[in-house]
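Observations on the model geometry
So you can see what is in the structure, the chains are spelled out below.
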Amino acid sequence: MSATAKTRLGELREYITIQTPTRASDSHGGATETWATHYQTWAKVEPVSARQQFFGEQLEHRITHRFMVRDPQSALGTQMRISWDSRLFYIDSFRDVLVGSRFTVILCEEIAPS
């Protein structure tokens, strides 16, 4: 059994917010994208990796994290993001830990300011 499969509820110590994009029309005929709370839950948060790369002429720091949640309350999507500890993480993928498991692993990427 993998380490992730052995997660206990007591390890879910961080409160996170799953957000979904919404579009609102503005007074000039355009639209503005905002983020709305989809749901909030407790999670286990683990940093996975970090790297630096040049994008155009700017150095970007890419940091990936793993969020483990119990029983997602509704459907997740890669268009969503996670807000945690005043930081934003864009969802790359998600999967159940094991078939029939009550835990879902969400892999995310944070683009930190340089």
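See above for the structure.
Report on the accompanying structure. (Residues numbered from 1 in each chain as written. Predicted model: local features only at pLDDT ≥ 70, side-chain atom pairs only at ≥ 80, totals over all residues. Heavy atoms only, no water.)

**Structural notes on the environment of Trp-35**
- Relative to the helices and strands, Trp-35 is located in strand β2 (residues 31–55).
- Taking C-alpha positions, Trp-35 is 9.6 Å from Ile-18, a pair spaced 17 residues apart along the chain. (Helix = DSSP H or I, 4+ residues; strand = E, 2+ residues; numbered from the N terminus.)

**Here we look at unusual backbone geometry**
- Phi is positive for Asp-85, which is not a glycine, with a value near 55°.
- Along the polypeptide, Asp-85 turns up in the loop between β4 (81–84) and β5 (87–96).
- In this structure Asp-85 comes out as exposed when scored by relative accessible area, which is 53%.
- The backbone phi angle of Ser-86 is positive, close to 65°, even though this residue is not glycine.
- Along the polypeptide, Ser-86 turns up in the loop between β4 and β5.
- Here Ser-86 falls in the exposed class, since its relative accessible area comes to 81%. (Buried < 20%, exposed > 50% of the residue type's maximum accessible area, 1.4 Å probe, protein only.)

**Things to note about the side chain of Glu-109**
- Mapping Glu-109 onto the fold places it in strand β6 (residues 103–112).
- Judged by its relative accessible area of 15%, Glu-109 falls in the buried class.
- Other than its neighbours up to four places away in sequence, Glu-109 contacts Arg-51, Arg-62, Ile-63, Thr-64, Leu-88, Phe-89, Tyr-90 and Asp-92. (Contact = heavy atoms within 4.5 Å.)

**Things to note about the pairing of β5**
- Relative to β5, β4 runs antiparallel, the two being bridged by four bridges. Residue pairing across strands places Arg-81 opposite Tyr-90, the latter belonging to β5.
- Connecting the antiparallel pair β4 and β5 is a turn made up of two residues, with Asp-85 showing a positive phi of about 55°. (Pairing = 2+ DSSP bridges.)

**Considering the pairing of β4**
- Sheet topology note: the strand β1 (residues 14–25)/β4 ladder contains three bridges and is antiparallel. From the neighbouring strand, Thr-17 faces β4, where its bridge partner is Ser-83.

**Side note on the environment of Asp-71**
- Looking at the element boundaries, Asp-71 is found in the loop between β3 (58–70) and β4.
- Given the relative accessible area of 35%, Asp-71 is considered partly exposed.
- Separated by 31 residues in sequence, Asp-71 and Arg-102 place their C-alpha atoms 5.3 Å apart.

**Things to note about the pattern of salt bridges**
- Counting across every chain of the model gives four salt bridges.
- In this structure, Arg-66 and Glu-46 form a salt bridge, with 3.0 Å as the shortest nitrogen-oxygen distance. In this pair, Arg-66 is assigned in strand β3 and Glu-46 in strand β2, connecting sequence segments 20 residues apart.
- Classification of Glu-46 by relative accessible area gives partly exposed; the value is 22%.
- The salt bridge involving Arg-87 is made with Glu-110; its shortest N-O contact spans 2.8 Å. With a gap of 23 residues between them, Arg-87 in strand β5 and Glu-110 in strand β6 connect regions that are remote in the sequence.
- Looking at Glu-110, the relative accessible area reads 8%, which means it is buried. (Salt bridge = Lys/Arg side-chain N within 4 Å of Asp/Glu carboxyl O.)

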